[in-house]
Amino acid sequence: MRVPRVLAIYVGRVFLLSTLSVLGGLIAIVALFDVIELTRRAAGRPDVPFGRLVEITALKLPFMAIEILPFAVLVGGLVAFWRLTRSSELIVARAAGVSAWQFLAAPVAAGTLLGLVAITAVSPVSAMFYARAERLDSTLLRGGAGTLGLSGGGLWVKQRDDALARGGSAILHGERIAAVGPDQLTLERVSVFRLGPDDRFLERIEAERAVLEPRRWRLEGAAAVGAERMGPRNAILTLATDLTVARLQDGLAPPDTLSFWALPGFVSVLEEAGFSAQRHRLRFNALLALPLLGGTMVLVAAGFSMRPSRRGGVGLMIGAGVAAGFSLFVLTKVVGEFGVSGALPVMLAAWTPTGVGLMLAVAMLLHLEDG
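Quick caveat: nothing in here was measured; it's all calculated off a predicted structure. All residue numbers refer to position in the chain's written sequence, counted from 1. Where local features are concerned, this predicted model is filtered to residues with pLDDT of at least 70; where side-chain atom pairs are given and counted, the filter is 80 or more; whole-chain, interface and lining totals use all residues. Heavy atoms throughout the structure, all of them, feed into the side-chain values; hydrogens and water do not.

1. Thoughts on the overall build of the chain
Each helix and strand in the chain was counted, giving 11 helices and 7 strands. Exposed residues in this analysis have more than 50% of their type's maximum accessible area, buried residues have under 20%, and partly exposed residues fall in between, with area computed by a 1.4 Å probe over protein chains only. The buried share of the chain, reckoned over its 371 residues, is 45%. Taking the intrachain contacts of the chain between residues at least 6 apart in sequence as the baseline, contacts between residues at least 24 apart amount to 62%. Strands are runs of DSSP state E lasting at least 2 residues, helices are runs of H or I lasting at least 4, and numbering of each runs from the N terminus. Throughout, a contact is declared for two residues whenever any of their heavy atoms are within 4.5 Å.

2. Remarks on the packing of aromatic side chains
Side-chain rings of Phe, Tyr and Trp, where Trp is taken by its six-membered ring, are said to pair if the distance between their centres is within 6.5 Å; with planes under 30 degrees apart they count as stacked, over 60 as edge-to-face, and otherwise as tilted. The tally for this structure, following the rule as stated, stands at 5 aromatic pairs. Each ring, one from phenylalanine 15 and one from phenylalanine 81, has its centre 6.3 Å from the other, and the planes form 10°; the classification is stacked. In this pair, phenylalanine 15 sits in helix α1 (residues 2-41) while phenylalanine 81 sits in helix α2 (residues 50-86), placing the two residues 66 residues apart along the sequence. Each of the two residues, phenylalanine 15 as well as phenylalanine 81, counts as buried. Pairwise contacts between aromatic rings join Phe260, Trp261 and Phe284 into one cluster.

3. Looking at empty space enclosed by the protein
The method is simple in principle: a probe with the dimensions of a water molecule rolls over the atoms, and the space it marks as empty is what remains. Both cavities and pockets are sets of points on a 1 Å grid over the protein atoms alone; in a cavity a 1.4 Å probe fits but cannot get out, in a pocket the set is open with protein on both sides within 12 Å along at least five of seven lines, and lining residues sit with an atom within 4 Å of a point. Grid points are joined across faces, edges and corners, and a volume is the space filled by probe spheres set on the points. Summed over the entire model, instances satisfying the criterion amount to 1 cavity of 30 Å³ or more. Estimated volume of the largest cavity: approximately 40 Å³. Elements with a minimum of two residues in the lining of the largest cavity: α2, α5 (105-141) and α8 (278-288). Throughout, the ten residues Ala, Val, Leu, Ile, Met, Phe, Trp, Tyr, Cys and Pro are labelled nonpolar, Asp, Glu, Lys and Arg are labelled charged, and all others, Gly among them, are labelled polar. Taken together, the residues that form the lining of the largest cavity break down as 5 nonpolar, 2 polar and 2 charged.

4. Thoughts on unusual backbone geometry
Positioned with a positive phi, serine 88 is a non-glycine residue whose angle comes to about 70°. Within the secondary structure, serine 88 sits in the loop between α2 and α3 (89-95). Even without a glycine there, the phi angle at arginine 215 is positive, about 65°. Mapping arginine 215 onto the fold places it in the loop between β5 (201-213) and β6 (216-226).

5. Some points on the pairing of strand β4 (residues 184-195)
A regular strand places its side chains on the two faces of the sheet in alternate fashion. Summarising the sheet, β4 and β5 pair through 10 bridges and their orientation is antiparallel. Opposite phenylalanine 193, over in β5, you have arginine 204 as the bridge partner. The antiparallel pairing of β4 with β5 creates a hairpin that spans 5 residues between the two strands, and aspartate 199 there sits at a positive phi of about 65°. Strands are labelled as partners when DSSP assigns at least two bridges between them.

6. Regarding α2
The end-to-end C-alpha separation of α2 is 45 Å, well short of the 54 Å expected for 37 residues at 1.5 Å each. We define the bend at each residue as the angle formed by axes fitted to the 7 residues ending at it and the 7 residues starting at it. The largest bend in α2 is about 55°, located at isoleucine 68, with the proline proline 70 one to four residues further on. Where α2 ends, the next residue or the one after it, serine 88, has phi of about 70°, a positive value. Helix span is expected to be 1.5 Å times the residue number reduced by one.

7. Some points on the packing of α2 against α5
Fitting a line to C-alpha atoms yields each axis, with helices limited to the stretch in contact; the angle taken between N-to-C directions then spans 0 to 180 degrees. Two elements in contact, α2 and α5, have axes whose closest approach is 6 Å; the angle formed by their N-to-C orientations is 155°. Comparing the axis directions of α2 and α5 gives the class roughly antiparallel. Crossing handedness for the pair α2 and α5: left-handed. A breakdown of the residues in the contact of α2 with α5 according to their chemical character gives 20 nonpolar, 3 polar and 5 charged. Orientation is classified from the angle alone, with under 35 degrees giving roughly parallel, over 145 giving roughly antiparallel, 65 to 115 giving roughly perpendicular, and any other angle giving oblique. Each crossing gets its hand from how the near helix is turned against the far one by less than a right angle, where anticlockwise is left-handed and clockwise is right-handed.

8. As for the pattern of salt bridges
Salt bridge criterion: a side-chain nitrogen from Lys or Arg within 4 Å of a carboxyl oxygen from Asp or Glu. On inspection of all chains with the given rule, the structure shows 16 salt bridges. Arginine 283 is paired through a salt bridge with aspartate 256; the nearest N and O atoms lie 3.9 Å apart. Pair noted here: arginine 283 is in helix α8 and aspartate 256 is in the loop between α6 (245-251) and α7 (263-272), with a separation of 27 residues, a long-range link. Its relative accessible area of 14% is what places arginine 283 among the buried residues. By relative accessible area, aspartate 256 is classed as partly exposed at 25%. Among the charged side chains, a network of salt bridges with common partners joins Glu188, Arg209, Glu213, Arg216, Arg218 and Glu220.

9. Observations regarding the packing of α2 against helix α9 (residues 290-305)
Running from N to C, α2 and α9 point in directions that differ by 30°, and their axes come no closer than 8 Å. As judged from the angle between their axes, α2 and α9 are roughly parallel. Viewed along their axes, α2 and α9 form a crossing whose handedness is right-handed. Touching Ile66, Leu69, Pro70, Val73, Leu74, Gly77, Leu78, Phe81, Trp82 and Thr85 of α2 are Leu290, Leu293, Gly294, Met297, Val298, Val300, Ala301, Ala302, Phe304 and Ser305, all from α9. Among the residues making up the contact of α2 with α9, the classes are represented as 16 nonpolar, 4 polar and no charged.

10. Some words on the environment of tryptophan 101
Counting through the fold element by element, tryptophan 101 comes out in helix α4 (residues 100-103). Tryptophan 101 gets classed as partly exposed once you look at its relative accessible area, which sits at 36%. Along the primary structure tryptophan 101 and leucine 299 are separated by 198 residues, whereas in three dimensions their C-alpha atoms are 9.4 Å apart.

11. Considerations on the environment of alanine 223
Relative to the helices and strands, alanine 223 resides in strand β6. Here alanine 223 falls in the buried class, since its relative accessible area comes to 1%. Put simply, alanine 223 and isoleucine 236 are 13 residues apart on the chain and 8.5 Å apart in space, counted from C-alpha to C-alpha.

Pasting the structure below:
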(Lines give C-alpha, C1' and ligand atoms only; values in the text may rest on other atoms or scores of the structure.)
Protein backbone atom coordinates (compact mmCIF):
# COMPACT_ATOMS: atom_id res chain seq x y z
CA MET A 1 0.00 0.00 0.00
CA ARG A 2 3.01 2.29 0.38
CA VAL A 3 3.84 2.41 -3.36
CA PRO A 4 0.41 3.76 -4.51
CA ARG A 5 0.48 6.41 -1.75
CA VAL A 6 3.98 7.61 -2.64
CA LEU A 7 3.12 7.56 -6.34
CA ALA A 8 -0.08 9.55 -5.70
CA ILE A 9 1.86 12.20 -3.77
CA TYR A 10 4.46 12.41 -6.54
CA VAL A 11 1.82 12.74 -9.26
CA GLY A 12 -0.03 15.30 -7.14
CA ARG A 13 3.14 17.40 -6.75
CA VAL A 14 3.85 17.33 -10.47
CA PHE A 15 0.23 18.26 -11.20
CA LEU A 16 0.19 21.13 -8.68
CA LEU A 17 3.42 22.68 -10.01
CA SER A 18 2.17 22.39 -13.59
CA THR A 19 -1.21 23.92 -12.72
CA LEU A 20 0.28 26.87 -10.83
CA SER A 21 2.66 27.54 -13.72
CA VAL A 22 -0.19 27.46 -16.23
CA LEU A 23 -2.33 29.67 -13.98
CA GLY A 24 0.45 32.25 -13.74
CA GLY A 25 0.96 32.23 -17.51
CA LEU A 26 -2.76 32.58 -18.23
CA ILE A 27 -3.11 35.45 -15.74
CA ALA A 28 -0.18 37.24 -17.40
CA ILE A 29 -1.74 36.84 -20.86
CA VAL A 30 -5.20 38.01 -19.71
CA ALA A 31 -3.65 40.96 -17.84
CA LEU A 32 -1.70 41.98 -20.95
CA PHE A 33 -4.85 42.02 -23.07
CA ASP A 34 -6.72 43.93 -20.35
CA VAL A 35 -4.02 46.61 -20.25
CA ILE A 36 -4.16 46.89 -24.05
CA GLU A 37 -7.96 47.30 -23.93
CA LEU A 38 -7.76 49.92 -21.19
CA THR A 39 -5.08 51.78 -23.17
CA ARG A 40 -7.37 51.79 -26.21
CA ARG A 41 -10.25 53.17 -24.15
CA ALA A 42 -8.00 55.85 -22.64
CA ALA A 43 -6.61 56.94 -26.03
CA GLY A 44 -8.76 60.09 -26.04
CA ARG A 45 -8.01 60.95 -22.40
CA PRO A 46 -4.48 62.36 -22.12
CA ASP A 47 -5.10 63.17 -18.43
CA VAL A 48 -5.25 59.45 -17.53
CA PRO A 49 -1.69 58.20 -16.81
CA PHE A 50 -0.62 54.74 -17.93
CA GLY A 51 0.23 53.81 -14.35
CA ARG A 52 -3.42 54.13 -13.35
CA LEU A 53 -4.41 51.73 -16.12
CA VAL A 54 -1.86 49.22 -14.87
CA GLU A 55 -3.28 49.70 -11.36
CA ILE A 56 -6.80 48.86 -12.57
CA THR A 57 -5.53 45.67 -14.18
CA ALA A 58 -3.48 44.74 -11.11
CA LEU A 59 -6.57 45.10 -8.91
CA LYS A 60 -8.42 42.68 -11.18
CA LEU A 61 -5.80 39.94 -10.93
CA PRO A 62 -7.40 37.99 -8.02
CA PHE A 63 -10.74 38.04 -9.84
CA MET A 64 -9.05 36.84 -13.04
CA ALA A 65 -7.38 34.02 -11.10
CA ILE A 66 -10.73 32.72 -9.81
CA GLU A 67 -12.38 32.97 -13.23
CA ILE A 68 -9.69 31.07 -15.14
CA LEU A 69 -8.83 28.58 -12.37
CA PRO A 70 -10.90 25.67 -13.82
CA PHE A 71 -9.30 26.10 -17.25
CA ALA A 72 -5.84 26.36 -15.64
CA VAL A 73 -6.48 23.11 -13.74
CA LEU A 74 -7.51 21.43 -16.99
CA VAL A 75 -4.51 22.62 -19.01
CA GLY A 76 -2.10 22.03 -16.10
CA GLY A 77 -3.46 18.50 -15.71
CA LEU A 78 -3.15 17.82 -19.44
CA VAL A 79 0.49 18.95 -19.41
CA ALA A 80 1.37 17.05 -16.23
CA PHE A 81 -0.27 13.76 -17.17
CA TRP A 82 1.07 13.92 -20.75
CA ARG A 83 4.63 14.40 -19.44
CA LEU A 84 4.25 11.50 -16.98
CA THR A 85 2.80 9.30 -19.72
CA ARG A 86 5.50 10.24 -22.23
CA SER A 87 8.21 9.37 -19.68
CA SER A 88 6.40 6.01 -19.15
CA GLU A 89 6.04 6.62 -15.41
CA LEU A 90 2.25 6.21 -15.44
CA ILE A 91 2.48 3.33 -17.92
CA VAL A 92 4.86 1.41 -15.63
CA ALA A 93 2.67 2.17 -12.60
CA ARG A 94 -0.44 0.84 -14.32
CA ALA A 95 1.47 -2.22 -15.58
CA ALA A 96 2.50 -2.89 -11.97
CA GLY A 97 -1.16 -3.08 -10.98
CA VAL A 98 -1.67 0.44 -9.63
CA SER A 99 -5.10 1.70 -10.65
CA ALA A 100 -5.50 5.14 -12.20
CA TRP A 101 -8.01 5.93 -9.45
CA GLN A 102 -5.26 5.42 -6.87
CA PHE A 103 -2.60 7.74 -8.28
CA LEU A 104 -5.24 10.32 -9.29
CA ALA A 105 -6.42 10.70 -5.69
CA ALA A 106 -3.80 13.33 -4.81
CA PRO A 107 -4.26 15.44 -8.00
CA VAL A 108 -8.04 15.41 -7.52
CA ALA A 109 -7.57 16.48 -3.90
CA ALA A 110 -5.19 19.24 -5.05
CA GLY A 111 -7.67 20.50 -7.65
CA THR A 112 -10.46 20.50 -5.07
CA LEU A 113 -8.23 22.28 -2.55
CA LEU A 114 -7.39 24.99 -5.09
CA GLY A 115 -11.12 25.60 -5.53
CA LEU A 116 -11.66 25.77 -1.76
CA VAL A 117 -8.82 28.25 -1.31
CA ALA A 118 -10.21 30.34 -4.18
CA ILE A 119 -13.68 30.73 -2.68
CA THR A 120 -12.74 30.98 1.00
CA ALA A 121 -9.51 33.01 0.97
CA VAL A 122 -9.07 34.61 -2.47
CA SER A 123 -12.73 35.57 -2.99
CA PRO A 124 -12.85 38.26 -0.23
CA VAL A 125 -9.66 39.86 -1.56
CA SER A 126 -10.92 39.53 -5.13
CA ALA A 127 -14.23 41.25 -4.31
CA MET A 128 -12.55 44.14 -2.49
CA PHE A 129 -9.95 44.74 -5.22
CA TYR A 130 -12.42 44.29 -8.08
CA ALA A 131 -14.83 46.84 -6.54
CA ARG A 132 -11.97 49.35 -6.31
CA ALA A 133 -10.97 48.61 -9.92
CA GLU A 134 -14.55 49.26 -11.04
CA ARG A 135 -14.61 52.59 -9.17
CA LEU A 136 -11.34 53.66 -10.78
CA ASP A 137 -12.58 52.57 -14.21
CA SER A 138 -15.80 54.53 -13.67
CA THR A 139 -13.98 57.67 -12.51
CA LEU A 140 -11.17 57.67 -15.08
CA LEU A 141 -12.71 56.11 -18.20
CA ARG A 142 -16.49 56.31 -17.90
CA GLY A 143 -16.82 59.94 -16.98
CA GLY A 144 -17.50 59.50 -13.29
CA ALA A 145 -20.78 57.63 -13.52
CA GLY A 146 -22.90 57.60 -10.39
CA THR A 147 -22.18 55.13 -7.63
CA LEU A 148 -24.68 53.13 -5.63
CA GLY A 149 -24.75 51.30 -2.33
CA LEU A 150 -27.32 49.10 -0.63
CA SER A 151 -27.22 47.82 2.95
CA GLY A 152 -29.85 46.85 5.46
CA GLY A 153 -32.64 47.91 3.10
CA GLY A 154 -31.29 51.47 2.74
CA LEU A 155 -29.97 53.00 -0.47
CA TRP A 156 -27.16 55.42 -1.21
CA VAL A 157 -27.06 57.01 -4.67
CA LYS A 158 -24.59 59.48 -6.13
CA GLN A 159 -25.60 61.16 -9.38
CA ARG A 160 -24.85 64.24 -11.50
CA ASP A 161 -26.69 67.42 -10.50
CA ASP A 162 -26.19 70.57 -12.61
CA ALA A 163 -29.18 72.52 -11.23
CA LEU A 164 -27.25 74.56 -8.64
CA ALA A 165 -23.75 74.40 -10.14
CA ARG A 166 -22.44 73.03 -13.41
CA GLY A 167 -20.53 69.81 -12.83
CA GLY A 168 -22.09 69.34 -9.41
CA SER A 169 -23.42 66.15 -7.86
CA ALA A 170 -26.14 64.98 -5.50
CA ILE A 171 -25.99 62.22 -2.89
CA LEU A 172 -29.32 60.64 -1.95
CA HIS A 173 -29.89 58.43 1.06
CA GLY A 174 -33.13 56.62 1.80
CA GLU A 175 -33.60 54.59 4.96
CA ARG A 176 -36.15 52.27 3.37
CA ILE A 177 -36.35 51.22 -0.27
CA ALA A 178 -39.08 49.40 -2.14
CA ALA A 179 -39.18 48.36 -5.81
CA VAL A 180 -42.94 48.41 -6.37
CA GLY A 181 -42.74 47.34 -10.00
CA PRO A 182 -40.39 47.20 -12.99
CA ASP A 183 -40.66 50.99 -13.46
CA GLN A 184 -41.42 52.28 -9.96
CA LEU A 185 -39.22 52.70 -6.93
CA THR A 186 -39.81 54.58 -3.68
CA LEU A 187 -37.57 55.69 -0.84
CA GLU A 188 -38.71 56.61 2.67
CA ARG A 189 -37.09 59.21 4.96
CA VAL A 190 -34.80 60.66 2.33
CA SER A 191 -31.82 63.00 2.69
CA VAL A 192 -30.30 64.72 -0.36
CA PHE A 193 -26.91 66.42 -0.21
CA ARG A 194 -26.23 68.70 -3.17
CA LEU A 195 -22.58 69.46 -3.83
CA GLY A 196 -20.59 71.70 -6.18
CA PRO A 197 -17.95 70.48 -8.66
CA ASP A 198 -15.32 70.79 -5.90
CA ASP A 199 -17.50 68.78 -3.46
CA ARG A 200 -18.45 72.03 -1.66
CA PHE A 201 -21.78 71.74 0.18
CA LEU A 202 -24.55 73.78 -1.47
CA GLU A 203 -27.87 72.55 -0.16
CA ARG A 204 -29.54 69.78 1.81
CA ILE A 205 -33.05 68.45 1.28
CA GLU A 206 -34.98 66.38 3.81
CA ALA A 207 -38.04 64.57 2.45
CA GLU A 208 -40.53 62.09 3.82
CA ARG A 209 -40.69 60.18 0.55
CA ALA A 210 -38.98 60.08 -2.84
CA VAL A 211 -40.47 58.50 -5.96
CA LEU A 212 -38.33 57.70 -8.97
CA GLU A 213 -40.16 58.88 -12.09
CA PRO A 214 -38.96 59.16 -15.70
CA ARG A 215 -35.97 61.53 -15.67
CA ARG A 216 -36.62 62.86 -12.15
CA TRP A 217 -36.98 62.17 -8.45
CA ARG A 218 -40.21 63.51 -6.94
CA LEU A 219 -39.54 64.49 -3.33
CA GLU A 220 -42.69 64.61 -1.19
CA GLY A 221 -42.93 66.33 2.17
CA ALA A 222 -39.61 68.01 1.47
CA ALA A 223 -37.76 70.90 3.03
CA ALA A 224 -34.69 72.48 1.42
CA VAL A 225 -32.02 73.71 3.83
CA GLY A 226 -29.31 75.95 2.40
CA ALA A 227 -26.42 77.75 4.06
CA GLU A 228 -28.64 80.68 5.16
CA ARG A 229 -32.24 79.63 4.42
CA MET A 230 -34.81 76.96 4.99
CA GLY A 231 -37.56 76.22 2.49
CA PRO A 232 -41.21 75.50 3.29
CA ARG A 233 -42.07 72.19 4.91
CA ASN A 234 -44.30 69.64 3.15
CA ALA A 235 -43.33 70.98 -0.29
CA ILE A 236 -43.01 68.81 -3.38
CA LEU A 237 -39.62 69.24 -5.01
CA THR A 238 -38.04 67.57 -8.04
CA LEU A 239 -34.49 66.50 -8.79
CA ALA A 240 -33.42 65.67 -12.33
CA THR A 241 -31.87 62.25 -12.89
CA ASP A 242 -31.05 59.83 -15.68
CA LEU A 243 -31.44 56.80 -13.41
CA THR A 244 -34.02 54.09 -13.98
CA VAL A 245 -35.07 51.13 -11.85
CA ALA A 246 -33.17 48.81 -14.22
CA ARG A 247 -29.99 50.89 -13.98
CA LEU A 248 -30.30 51.04 -10.21
CA GLN A 249 -30.62 47.27 -9.98
CA ASP A 250 -27.66 46.75 -12.31
CA GLY A 251 -25.54 49.09 -10.22
CA LEU A 252 -26.35 47.64 -6.80
CA ALA A 253 -23.16 45.78 -5.92
CA PRO A 254 -22.68 43.50 -8.95
CA PRO A 255 -22.04 39.87 -7.95
CA ASP A 256 -18.38 40.08 -8.97
CA THR A 257 -17.75 42.77 -6.33
CA LEU A 258 -19.07 40.60 -3.47
CA SER A 259 -17.17 37.82 -1.74
CA PHE A 260 -18.39 34.27 -1.28
CA TRP A 261 -19.14 35.05 2.38
CA ALA A 262 -21.04 38.29 1.66
CA LEU A 263 -23.32 37.00 -1.11
CA PRO A 264 -25.98 35.21 1.02
CA GLY A 265 -26.58 38.29 3.20
CA PHE A 266 -26.75 40.60 0.20
CA VAL A 267 -29.26 38.28 -1.49
CA SER A 268 -31.53 38.68 1.54
CA VAL A 269 -31.16 42.48 1.44
CA LEU A 270 -32.01 42.59 -2.28
CA GLU A 271 -35.08 40.42 -1.89
CA GLU A 272 -36.32 42.43 1.09
CA ALA A 273 -36.04 45.57 -1.06
CA GLY A 274 -38.06 43.93 -3.85
CA PHE A 275 -35.19 43.48 -6.33
CA SER A 276 -34.32 40.32 -8.22
CA ALA A 277 -31.35 38.41 -6.77
CA GLN A 278 -30.99 35.85 -9.58
CA ARG A 279 -27.50 36.99 -10.63
CA HIS A 280 -26.24 36.97 -7.05
CA ARG A 281 -27.73 33.53 -6.35
CA LEU A 282 -26.14 32.21 -9.53
CA ARG A 283 -22.75 33.66 -8.58
CA PHE A 284 -22.94 32.14 -5.10
CA ASN A 285 -23.83 28.67 -6.42
CA ALA A 286 -21.13 28.89 -9.11
CA LEU A 287 -18.53 29.66 -6.43
CA LEU A 288 -19.93 26.86 -4.28
CA ALA A 289 -19.43 24.43 -7.18
CA LEU A 290 -15.87 25.60 -7.87
CA PRO A 291 -14.07 23.01 -5.65
CA LEU A 292 -15.98 20.14 -7.26
CA LEU A 293 -15.34 21.67 -10.69
CA GLY A 294 -11.62 21.78 -9.91
CA GLY A 295 -11.56 18.08 -9.06
CA THR A 296 -13.66 17.33 -12.14
CA MET A 297 -11.21 19.14 -14.42
CA VAL A 298 -8.40 16.92 -13.09
CA LEU A 299 -10.35 13.81 -14.11
CA VAL A 300 -11.16 15.33 -17.52
CA ALA A 301 -7.45 16.08 -18.07
CA ALA A 302 -6.49 12.54 -17.05
CA GLY A 303 -9.05 11.00 -19.40
CA PHE A 304 -7.70 12.93 -22.39
CA SER A 305 -3.94 12.74 -21.71
CA MET A 306 -3.14 9.28 -20.27
CA ARG A 307 -3.27 7.50 -23.61
CA PRO A 308 0.08 5.74 -24.34
CA SER A 309 2.09 7.66 -26.94
CA ARG A 310 2.95 4.50 -28.88
CA ARG A 311 -0.69 4.30 -29.94
CA GLY A 312 -0.46 7.69 -31.63
CA GLY A 313 -2.96 10.50 -31.70
CA VAL A 314 -1.73 12.05 -28.42
CA GLY A 315 -1.78 15.57 -29.81
CA LEU A 316 -5.30 15.06 -31.08
CA MET A 317 -6.44 13.80 -27.68
CA ILE A 318 -4.87 16.76 -25.85
CA GLY A 319 -6.47 19.14 -28.33
CA ALA A 320 -9.78 17.40 -27.70
CA GLY A 321 -9.25 17.94 -23.95
CA VAL A 322 -8.74 21.68 -24.45
CA ALA A 323 -11.82 21.77 -26.68
CA ALA A 324 -13.81 19.95 -23.98
CA GLY A 325 -12.76 22.56 -21.43
CA PHE A 326 -13.77 25.37 -23.77
CA SER A 327 -17.11 23.64 -24.38
CA LEU A 328 -17.73 23.48 -20.64
CA PHE A 329 -16.94 27.20 -20.41
CA VAL A 330 -19.46 27.98 -23.16
CA LEU A 331 -22.02 25.71 -21.48
CA THR A 332 -21.47 27.58 -18.21
CA LYS A 333 -22.23 30.93 -19.86
CA VAL A 334 -25.27 29.64 -21.77
CA VAL A 335 -27.00 27.94 -18.84
CA GLY A 336 -26.00 30.90 -16.65
CA GLU A 337 -28.00 33.22 -18.89
CA PHE A 338 -30.96 30.86 -18.64
CA GLY A 339 -30.58 30.93 -14.87
CA VAL A 340 -30.49 34.75 -14.70
CA SER A 341 -33.60 34.99 -16.90
CA GLY A 342 -35.47 32.53 -14.69
CA ALA A 343 -35.90 29.94 -17.43
CA LEU A 344 -33.87 27.47 -15.35
CA PRO A 345 -33.58 27.10 -11.57
CA VAL A 346 -30.45 28.84 -10.35
CA MET A 347 -28.97 25.72 -8.75
CA LEU A 348 -29.47 23.72 -11.95
CA ALA A 349 -27.86 26.46 -14.03
CA ALA A 350 -24.85 26.71 -11.70
CA TRP A 351 -24.21 23.00 -11.20
CA THR A 352 -24.97 21.66 -14.70
CA PRO A 353 -21.48 22.28 -16.21
CA THR A 354 -19.83 20.57 -13.24
CA GLY A 355 -22.20 17.59 -13.48
CA VAL A 356 -21.69 17.24 -17.22
CA GLY A 357 -17.90 17.42 -16.88
CA LEU A 358 -17.89 14.89 -14.04
CA MET A 359 -19.96 12.36 -15.99
CA LEU A 360 -17.74 12.82 -19.07
CA ALA A 361 -14.56 12.34 -17.02
CA VAL A 362 -15.79 9.27 -15.14
CA ALA A 363 -16.98 7.64 -18.39
CA MET A 364 -13.63 8.24 -20.08
CA LEU A 365 -11.61 6.91 -17.13
CA LEU A 366 -13.81 3.81 -16.82
CA HIS A 367 -13.23 3.14 -20.51
CA LEU A 368 -9.50 3.78 -20.07
CA GLU A 369 -9.21 1.42 -17.09
CA ASP A 370 -11.63 -1.34 -18.03
CA GLY A 371 -11.81 -1.03 -21.81
